[in-house]
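A closer look at the structure
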Amino acid sequence: MRTVALLLGSNVDPARHVPRALADLQTLGTVRARSSAWRSAPEGGAVGPDFWNLAVLLETALDAGALKVALRAIETRHGRVRPAPSLAPRTIDIDIVGENGTVAAAEAGRWAHVAVPLAEVAPAWVDDRRGEPVGEIAVRLRADTRIVRLPDPLPSSRPRPGR
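In this convention, every chain numbers its residues from 1, walking through the sequence in written order. Restriction of local features to residues with pLDDT of at least 70 applies here, the model being predicted, together with a cutoff of 80 or more for giving and counting side-chain atom pairs; totals for whole chains, interfaces and linings are based on all residues. To obtain the side-chain values, all non-hydrogen atoms of the structure were used and water was disregarded.

Turning our eyes to something else, we now look at the overall build of the protein chain. Only runs of H or I of at least four residues qualify as helices and only runs of E of at least two qualify as strands under DSSP, and these elements are numbered from the N terminus. Counting its secondary structure elements, the protein chain contains four helices and nine strands. Starting at the N terminus and walking to the C terminus, you meet the elements of the protein chain as β-α-β-β-β-α-β-β-α-β-β-α-β. Burial status follows relative accessibility: with a 1.4 Å probe on protein chains alone, a residue under 20% of its type maximum counts as buried, one over 50% as exposed, and anything between as partly exposed. The burial tally for the protein chain puts 48% of its 163 residues in the buried class.

The structure is reproduced here in structure tokens:
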């Protein structure tokens, strides 16, 4: 078993797609923790409605290749179209951003919509490019970005970190 950090994002009917995608993740392993949902404007030149983003720690027996295929299947079930322009709005996007205490996603050090939710569930995980804990990165990025914590989309099913 391994623990992977996933980042979910949606800016097309996120109130519908995010909770359903979270439920679908349970078929791939055990969700050990999930962050609050956070709303932020599209980044990096993307346009469209604000995104909802949240992080999940998933304990899974799937290897990296099988997990990626399974995540793409969840995205497809929720109407994600590939290939689409990389900056296009999306029903759901699920990215693997880290594994077993290490964050390998370059975006974690650049974008609050990645670092802030991830810091809720894995603040001590280390960004392998910067050698810095995600919790510290999130504090810095949150100060410079408009990102808003949303009411919990699934209040009765939110695993807390460390449980």
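Once the structure has been displayed, the description carries forward.
Looking now at helix α3 (residues 112-121). The buried count for α3 comes to nine of 10 residues, which makes it a mostly enclosed element. Residues of α3 that are buried: Ala112, His113, Val114, Ala115, Val116, Pro117, Leu118, Ala119 and Val121.

Within strand β1 (residues 2-10), eight of the nine residues are buried, leaving the element largely enclosed by the surrounding structure. One requirement defines pairing of two strands: DSSP has to find at least two bridges between them. The pairing of β1 with strand β5 (residues 93-99) spans six bridges and is classified as antiparallel. Note on β5: the bridge partner recorded for alanine 5 is glycine 98.

So, about the pattern of salt bridges. Within this document, salt bridges are pairs made up of a side-chain nitrogen of Lys or Arg and a carboxyl oxygen of Asp or Glu, the two lying within 4 Å of each other. Tallied over the entire structure, the rule returns 12 salt bridges. Between aspartate 93 and arginine 90 there is a salt bridge whose closest N-O contact spans 3.5 Å. As far as burial versus exposure is concerned, aspartate 93 and arginine 90 are alike and both buried. Residues joined by salt bridges that share partners form a network here, namely Arg39, Asp50 and Arg146.

What follows covers unusual backbone geometry. Located in the positive-phi region is aspartate 13, a residue other than glycine, with phi close to 50°. Note that aspartate 13 resides in the loop between β1 and α1 (14-25). Taking relative accessible area as the criterion, aspartate 13 reaches 40% and is therefore assigned partly exposed.

Right, let's talk about the nonpolar core for a bit. Here is a general trend for soluble globular proteins: nonpolar side chains tend to be buried in one another's company. Put simply, a nonpolar core is a bunch of buried Ala, Val, Leu, Ile, Met, Phe, Trp, Tyr and Cys residues held in one set by side-chain atoms that sit within 4.5 Å of each other. Residues Leu57, Leu118, Val121 and Trp125 are the most contacted members of the largest nonpolar core, which totals 25 residues. At the level of secondary structure, the elements contributing two or more residues to this core comprise β1, β4 (51-60), α3 and α4 (134-144). Per-element tally for this core: the top contributor is α3, with seven residues. In this structure, Val18, Ala21, Leu25 and Ile94 belong to the second largest nonpolar core, which totals 21 residues.

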